[in-house]
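If you want the building blocks of each chain, they are given just below.
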Amino acid sequence: MHKTLIAATLALLASLPAHAQERTPSGAASVKNDVSKQAEQIFRSSFRGDNPKFWMDRLEQDDAMRLCSQYRDNPPAKLRQKIELAQKATIRYPVDGKLIGDWKEGEKLASSGRGGHIGFIQPDAPMTPRGGNCYACHQLAKKEVAYGTIGPTLHHFGKLRGASDDIIKYAYDKIYNSNAFTACTNMPRFGLHNWLTPEQITHIVAFLVDPESPVNKD
Amino acid sequence: MRARLQAVLATAALVLAGSALAQDSTMDEIAKYREMLADGNPAELFELKGEALWKKARGPKNASLEQCDMGLGPGKLDGAYAQLPRYFPDTRKVMDVESRLVHCMVSLQGFKEEDVTRQWFSRPGKESDIEALVTYIGAKSNGMKIDVPARHPEEARMAKVGEYIFYRRSGPQDFSCSICHGQNDKRIRLQDLGNLTTQAGAGVAMSTWPSYRVSQGAMWTMQRRLIDCMRQARWPEPKYLSDSVIALQVYLQKNASGTVMQTPGIKR
């Protein structure tokens, strides 16, 4: 490949608005791929050589991650549907089939944002239990004021939606694999990544729907 | 100085009102803010230390950094930080303030790169020359507009690479920079997250670095900020001065261009 040609095309690309690239069907798309390829290479070679392999594996992308990155979390309708169907198929349930657990356990899990931080500067201690970190993005119990707003409020989730089997299953499925309902949502796929076990998810479901849970009571 | 102290007071009051009710470490936080208010922005001490380091003959070549070219010519620091990262013909690389500074410490002073970068960020009891020097260089752009048009083809390429990384999702939480910093008016827990894809959001974020972080009791450079965000994304650890961290800065500085620098900053 000619370096000057690439440079010139890139300069041109840089002057276009971001979306123009995705809409151009043929020529521009292949140039865009060149940028992505280079960028991907630069990204991957930017990590310390002494990161263990099982840390580096975290950079791998499944289809959903790859497509969401490519479309900047806004895939066209058809693709969106395809992603959602494929993600739905990943959902696994607890062996006893019970989708609702103990809300008190769920509250602890929802409050903790610990676990999973790696690297050499400030990693979590090995075996730190992982939390669901729901408060990073959602309002839940009224008494917890330190909640984030990346996701919608879930205060009174059960009070508003009830605790029917359908709602319980929806809450379970959503936490297990958020992309089953909303392709490329900002919400993590907790079950798919084994971040939370199916049993832990049932506790969080209880925290959301149980009438005694502070999510619904106050 | 007076205006800055007032701004500090206002921010401190706000932060206290917001987090006092909520965080476990509230008492720590209050103690740190008290300390900070008594002394003004502790970053000013780093600025002074950085100036002394800049002017002092050091290293195997016993030279100062006064001939270091941060992009505007040897020794010309006024406004240099606000125009970084940029392409440097002598190294044929796009460099940010930190990679250029290290380049000067190696080429002018004769230090080994691994030696000068060993302490690229401070730990309790271990100060970092780089943090002090970057604070000094940054302060020389205070009041000036961020200006990174990324017109050179290599700069344009790095801006595109940075943009690509910004939207790249991976890891056990499916995170990208964009999920935390791609929308207006969001916060995570109580921390406000600007929209770094807009001039306003990127401007607020980029104009206030390097910054004294009260919660950490330390001065942080932009490399430190971005490497820590990758930790929050649950990714492995990037190399200090690596191209993806520089590429992200080109992308963000380009978005922020036109915003007036207010540095050194002070933050939560």
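Residues numbered from 1 in each chain as written. Chains lettered and ligands numbered in written order. Predicted model: local features only at pLDDT ≥ 70, side-chain atom pairs only at ≥ 80, totals over all residues. Heavy atoms only, no water.

## Some remarks on the overall build of chain B
So, step 1. Within chain B one finds 11 helices and seven strands.
So, step 2. Taking contacts inside chain B between residues at least 6 apart in sequence as the whole, the part at least 24 apart equals 67%.
So, step 3. When the accessible surface of chain B is split by element, carbon and sulfur atoms take 52% of a total near 11300 Å². (Helix = DSSP H or I, 4+ residues; strand = E, 2+ residues; numbered from the N terminus. Contact = heavy atoms within 4.5 Å. Areas by Shrake-Rupley, 256 points an atom, 1.4 Å probe, with all protein chains shown as cover.)

## Digging into the interface of chain B and chain A
By convention, interface size is frequently given as the accessible area that disappears when the constituent parts associate.
So, step 1. At the junction of the two partners, chain B supplies 47 residues and chain A supplies 59 residues.
So, step 2. Sorting the residues of chain B by area buried against chain A places B:R169, B:R189 and B:E237 first, and these three jointly supply 17% of that buried surface.
So, step 3. Along the contact surface separating chain B from chain A lie six salt bridges.
So, step 4. The partner of A:R189 in a salt bridge is B:D174, and the shortest N-O contact between them spans 2.6 Å.
So, step 5. At the level of secondary structure, the elements contributing two or more residues to the side of chain B that touches chain A comprise α7 (153–166), α8 (177–181), β3 (186–188), α10 (222–232) and α11 (243–256) of chain B. (Buried area = accessible area lost by both parts, 1.4 Å probe. Salt bridge = Lys/Arg side-chain N within 4 Å of Asp/Glu carboxyl O.)

## Quick look at the confidence of the model for chain B
All names here are of chain B.
So, step 1. Per-chain confidence: chain B averages 89 in pLDDT, with 85% of residues scoring 70 or above.
So, step 2. Low confidence marks residues 1–26, where pLDDT is under 50. Its contacts with residues over four positions away, or in another chain, come to 27 contacts.
So, step 3. Interface confidence in the predicted complex, given as ipTM, is 0.89; pTM for the same model is 0.89. (pLDDT = per-residue confidence, 0-100.)

## Quick look at the pattern of salt bridges
Residues and elements named next belong to chain B.
So, step 1. One pass over the structure, following the stated rule, counts 26 salt bridges over all chains.
So, step 2. A salt bridge links E127 to K49; the nearest nitrogen and oxygen atoms lie 2.9 Å apart. Of the two residues, E127 sits in the loop between α5 (113–117) and α6 (129–139) while K49 sits in helix α3 (residues 43–55), which places them 78 residues apart along the sequence.
So, step 3. Assessed through its relative accessible area of 59%, E127 is described here as exposed.
So, step 4. When its relative accessible area of 27% is taken as the criterion, K49 is described as partly exposed. (Buried < 20%, exposed > 50% of the residue type's maximum accessible area, 1.4 Å probe, protein only.)

## Some words on the sheet that holds strand β5 (residues 211–213) of chain B
Residues and elements named next belong to chain B.
So, step 1. Taken in spatial order, the three strands make up an open sheet running β6-β5-β7, and their pairing is mixed. Because the sheet does not close on itself, it has two edges, and the strands there are β6 (218–220) and β7 (265–267). Direction aside, the axes of adjacent strands within the sheet are offset by 30 degrees on average.
So, step 2. One ladder, built from three bridges, connects β5 with β7; its direction is parallel. Opposite S211, over in β7, you have G265 as the bridge partner. (Pairing = 2+ DSSP bridges. Axes fitted to C-alpha atoms, helices over the stretch in contact; angles between N-to-C directions.)

## Observations concerning the packing of aromatic side chains
So, step 1. Throughout the structure, instances matching the rule amount to 13 aromatic pairs over all chains.
So, step 2. Relative to B:W235, the ring of A:F43 has its centre 5.6 Å away and its plane inclined at 85 degrees; by these criteria the two rings are edge-to-face. A residue pair is termed interchain when its members come from two chains, as with A:F43 in helix α3 (residues 27–44) and B:W235 in the loop between α10 and α11. Both residues of the pair, A:F43 and B:W235, count as buried.
So, step 3. The interplanar angle of 15 degrees and the centroid separation of 4.3 Å between the aromatic rings of B:W120 and B:Y240 together place this pair among those described as stacked. (Phe/Tyr/Trp six-rings, centres within 6.5 Å; stacked < 30°, edge-to-face > 60°.)

## What to know about unusual backbone geometry
So, step 1. For the bond from B:L84 to B:P85, the omega torsion is -5 degrees, close enough to zero to count as cis.
So, step 2. If you trace the backbone, B:P85 turns up in the loop between α3 and β1 (86–88).
So, step 3. With an omega of 0 degrees, the peptide bond between B:T263 and B:P264 qualifies as cis.
So, step 4. Even without glycine at this site, A:R72 takes up a positive phi of about 50 degrees.
So, step 5. Inspection of the secondary structure puts A:R72 in the loop between α5 (63–70) and α6 (77–88).
So, step 6. Residue class for A:R72 comes out partly exposed when judged on its relative accessible area of 21%.
So, step 7. At B:R92, a position not held by glycine, the phi torsion is positive, near 55 degrees.
So, step 8. With respect to the helices and strands, the residue B:R92 is situated in the loop between β1 and β2 (93–95).

## Here we look at the nonpolar core
So, step 1. If you look at the biggest cluster of nonpolar residues, it comprises 75 residues, and the most contacted ones within it are B:W54, B:M70, B:L101 and B:I137.
So, step 2. In terms of residue count, α11(B) provides more of this core than any other element does, eight residues in total.
So, step 3. Not counting chain neighbours up to four residues away, the residues in contact with B:I137 comprise B:W54, B:M70, B:L77, B:Y81, B:V97 and B:L101.
So, step 4. Grouped together as the second largest cluster of nonpolar side chains are 30 residues, A:L109, A:I167, A:Y172 and A:L196 included. (Core = buried A, V, L, I, M, F, W, Y, C linked by side-chain atoms within 4.5 Å.)

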